[in-house]
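# Structural description and commentary
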Amino acid sequence: MTTPMALLKADSTYTFKIFRYDSKTPEKEPSFSTYQVDVVPGMSVLSALLAIRDEMDGGLSFRCSCRSAVCGSCAMAMNGKIELACRTQVASLGSDLIILEPLPNFEIIKDLVVDMIPFWAKYDQIKPWLIRKTLPVGTEIRQSEEERNRIDQFVHCILCAACYGACPVPSRDPEYLGPAALAKLERFVLDSRDERSPSALEAVNNEKGVWGCDTLFKCIEACPKDVRPTDAIVGLRKSLVKHKFKKLLGMVKDED
Ligand code: FES
């Protein structure tokens, strides 16, 4: 059996260069701090960060919670690639020099911690919950296996914002809703239990919504859960065009 390259790199000392900035002292220029870390086989980037914070620099700030790729709080740029720190092994990055930076497209609060409030505000805009008109809240609504499979990939989204950080659009248009919110909208549009009217899509029928996407697939590359936001955006575009034609043919009323 061939020894994986990753294992050859393990058990050695790595240099970590970590972005530093504090929004409370904006007069101080951003910089990088350098640390030498003894990396054991299988050690994750998050474990290395915890070791640095616990043993070398108690002032270093980063987010984490579940440590198992579930909570979505530890997304960051590692040697330029956006990933979850808890599920990325240091040795897998293929270099003895590891550069860690905060997620792009966000205001930095401190070091690797970014301000997620605008991201959540955009997410909220698409009404990310089941909308029902015909059944009282609390009634059980069953789905077939096929109906559940249709929304499966979008249900896996952990809202880590890796897709938003990788997207080229927010840097030129900060009002762009972004791949996570639009993918979640498609998740509810495709959900057999959801009864939002097609005209509800009008809110994203613009350059801040589905037509702002460059379709460069960066979000798909960045997603740690194999969600495909670009496909969702294309799906929403198709739904909008279909609804427009139905309206032109008089098959639906304006409010439908
Ligand atoms: S710590 Fe929860 S996803 Fe990494």
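Residues numbered from 1 in each chain as written. Predicted model: local features only at pLDDT ≥ 70, side-chain atom pairs only at ≥ 80, totals over all residues. Heavy atoms only, no water.

For the rest of this paragraph, the subject is helix α8 (residues 229–248). Between its terminal C-alpha atoms α8 stretches 29 Å, which fits the 28 Å expected from 20 residues at 1.5 Å a residue. Among the residues of α8, Pro 229, Thr 230, Ala 232, Ile 233, Gly 235, Leu 236, Arg 237, Leu 240 and His 243 are the ones counted as buried. Contact partners of the buried residues in α8: α4 (145–155), α5 (162–166), α6 (179–189) and α7 (218–222). Among the residues trailing α8, Gly 250 stands out with phi positive, at a value near 75°. (Helix = DSSP H or I, 4+ residues; strand = E, 2+ residues; numbered from the N terminus. Expected span 1.5 Å × (residues − 1). Buried < 20%, exposed > 50% of the residue type's maximum accessible area, 1.4 Å probe, protein only. Contact = heavy atoms within 4.5 Å.)

As a further point, take the pattern of salt bridges. For the structure shown, the criterion picks out 14 salt bridges. Residue Asp 57 pairs with Arg 20 through a salt bridge whose shortest N-O separation is 2.8 Å. Of the two residues, Asp 57 is situated in the loop between α2 (45–55) and β3 (75–78) and Arg 20 in strand β1 (residues 12–20); the sequence distance between them amounts to 37 residues. The residues Asp 57 and Arg 20 share a single accessibility class, namely buried. Between Asp 191 and Arg 187 there is a salt bridge, and its shortest N-O distance comes to 2.7 Å. Like Arg 187, Asp 191 is buried. (Salt bridge = Lys/Arg side-chain N within 4 Å of Asp/Glu carboxyl O.)

Turning to the side chain of Asp 191, a few remarks are in order. Secondary-structure assignment places Asp 191 in the loop between α6 and α7. Since its relative accessible area comes to 2%, Asp 191 is described here as buried. One polar contact links Asp 191 to Gln 143, side chain to side chain, over a distance of 3.1 Å. For Asp 191, the contacting residues outside a window of four places in its chain are Leu 130, Gln 143 and Ile 151. (Polar contact = N/O pair within 3.5 Å; in protein donor to acceptor, adjacent residues only side chain to side chain.)

Volume-wise, the largest pocket comes out at about 280 Å³. Around the largest pocket, the lining comprises 15 residues; the ones closest to its centre are Val 189, Arg 196, Pro 198, Leu 201 and Ser 239. Elements represented by at least two residues in the lining of the largest pocket include exactly α6 and α8. With four residues, the top contributor of residues to the lining of the largest pocket is α8. (1 Å grid on protein atoms, 1.4 Å probe; cavity = no way out; pocket = protein on both sides within 12 Å on 5 of 7 lines; lining within 4 Å. Points joined across faces, edges and corners; volume = space filled by probe spheres on them.)

Assigned domains within the protein chain: domain 1 (5–114) and domain 2 (117–248). For domain 1 and domain 2, the distance between their C-alpha centroids amounts to 30 Å. Each partner contributes to the interface: domain 1 provides 13 residues, whereas domain 2 provides 15 residues. Of the roughly 990 Å² buried between domain 1 and domain 2 on both sides combined, carbon and sulfur atoms contribute 60%. When the area that domain 1 buries against domain 2 is broken down by residue, the three leading residues are Ile 82, Asn 105 and Phe 106, summing to 49%. (Domains from an automatic or database assignment. Buried area = accessible area lost by both parts, 1.4 Å probe.)

Topologically, Gly 59 is positioned in the loop between α2 and β3. C-alpha of Gly 59 to C-alpha of Cys 167: the two residues are 108 residues apart in sequence and 30 Å apart in space. Discounting residues that sit within four places of it in the chain, Gly 59 has contacts with Arg 20, Lys 110 and Asp 111.

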